[in-house]
Amino acid sequence: MASGVIAVLGFAVAPLLSAAPASAQVSGCEQIQKLLGERQSIVAKLTASQKAKKKMTPQEACSAFGRLANNGDAAIKFATANQDWCQIPASFIEGMQTDNKKVSGFRAQACNAVKQQAAMQRRARQQAQSASPFGGADSITSGAGGGMRVPQGAL
């Protein structure tokens, strides 16, 4: 999954960065450059992880794609609000929106994997607890009032 994601993100960020320098020349438009720099940094970390053949855990992927999606949301919001003042081309905003939809999809997959993993661990703990012979969860002990009773009287 990560290799396809990096290819998509690397392809999508490069044209966006080349379109942005004209927008940063107008006062107050530096924010888009900052956002795109942060975005490029996040993508570089993802790319470095892939090149090192280090497989990301679902938690790491959820976090990284979450940061990338939040960055994209902020960039889209700023670019849309300042499109005329900063002379941001409509194609730039459309490209960011398309890229961010893909990132959000990858984020949803990664975060769902985290949720599924947590649910499986919770079920495994519950099964381990209920498998105790003194817990009263098996058919022998649960039918007669719960757990095993200690015999009363002299032994």
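You'll find the structure just up there.
Residues numbered from 1 in each chain as written. Predicted model: local features only at pLDDT ≥ 70, side-chain atom pairs only at ≥ 80, totals over all residues. Heavy atoms only, no water.

## Focus on the state of the cysteines
Right, so step 1: If you walk through the whole model with that rule in mind, you get two disulfides.
Right, so step 2: Put simply, Cys62 and Cys111 are joined by a disulfide, and their sulfur atoms are 1.8 Å apart. What sets the handedness of the Cys62 and Cys111 disulfide is the S-S torsion sign, and at about 85 degrees it is right-handed. Remark: Cys111 occurs in helix H5 (residues 90-130) and Cys62 occurs in helix H4 (residues 58-81); sequence separation between them is 49 residues. Of the two residues, Cys62 and Cys111, both sit in the buried class.
Right, so step 3: Of note for the protein chain: the bonded cysteines, numbered N- to C-terminal, pair according to 1-3, 2-4. (Disulfide = S-S within 2.5 Å. Helix = DSSP H or I, 4+ residues; strand = E, 2+ residues; numbered from the N terminus. Buried < 20%, exposed > 50% of the residue type's maximum accessible area, 1.4 Å probe, protein only.)

## Thoughts on the packing of helix H3 (residues 30-51) against H4
Right, so step 1: Put simply, H3 and H4 touch, their axes get as near as 10 Å, and they point 160 degrees apart. If you check the angle between H3 and H4, you find them roughly antiparallel. Where H3 crosses over H4, the handedness of that crossing is left-handed. Seen from H3, the contacting residues are Gln31, Ile32, Leu35, Glu38, Arg39, Ile42, Val43 and Leu46; seen from H4, they are Ala64, Phe65, Arg67, Leu68, Asn71, Gly72, Ala74, Ala75, Phe78 and Ala79.
Right, so step 2: Residues of the contact of H3 with H4, tallied by class, amount to 12 nonpolar, three polar and three charged. (Axes fitted to C-alpha atoms, helices over the stretch in contact; angles between N-to-C directions. Parallel < 35°, antiparallel > 145°, perpendicular 65-115°, else oblique. Left-handed = near helix turned anticlockwise from the far one by under 90°. Contact = heavy atoms within 4.5 Å. Nonpolar A, V, L, I, M, F, W, Y, C, P; charged D, E, K, R; others polar.)

## Looking at the pattern of salt bridges
Right, so step 1: Tallied over the entire structure, the rule returns two salt bridges.
Right, so step 2: The partner of Asp99 in a salt bridge is Arg39, with the nearest N and O atoms 2.6 Å apart. With Asp99 in helix H5 and Arg39 in helix H3, this pair connects stretches of sequence that are 60 residues apart. For the pair Asp99 and Arg39, a shared accessibility class is recorded, and that class is buried.
Right, so step 3: The partner of Lys54 in a salt bridge is Glu60, with the nearest N and O atoms 3.3 Å apart. (Salt bridge = Lys/Arg side-chain N within 4 Å of Asp/Glu carboxyl O.)

## Digging into the packing of H3 against H5
Right, so step 1: Orientation of H3 relative to H5, taken along the N-to-C sense of each, is 35 degrees, at an axis distance of 14 Å. When you trace H3 past H5, the crossing you get is left-handed. Residues Ile32, Leu36 and Arg39 of H3 lie in contact with H5, whose contacting residues are Phe92, Met96, Asp99, Asn100 and Val103.
Right, so step 2: A breakdown of the residues in the contact of H3 with H5 according to their chemical character gives five nonpolar, one polar and two charged.

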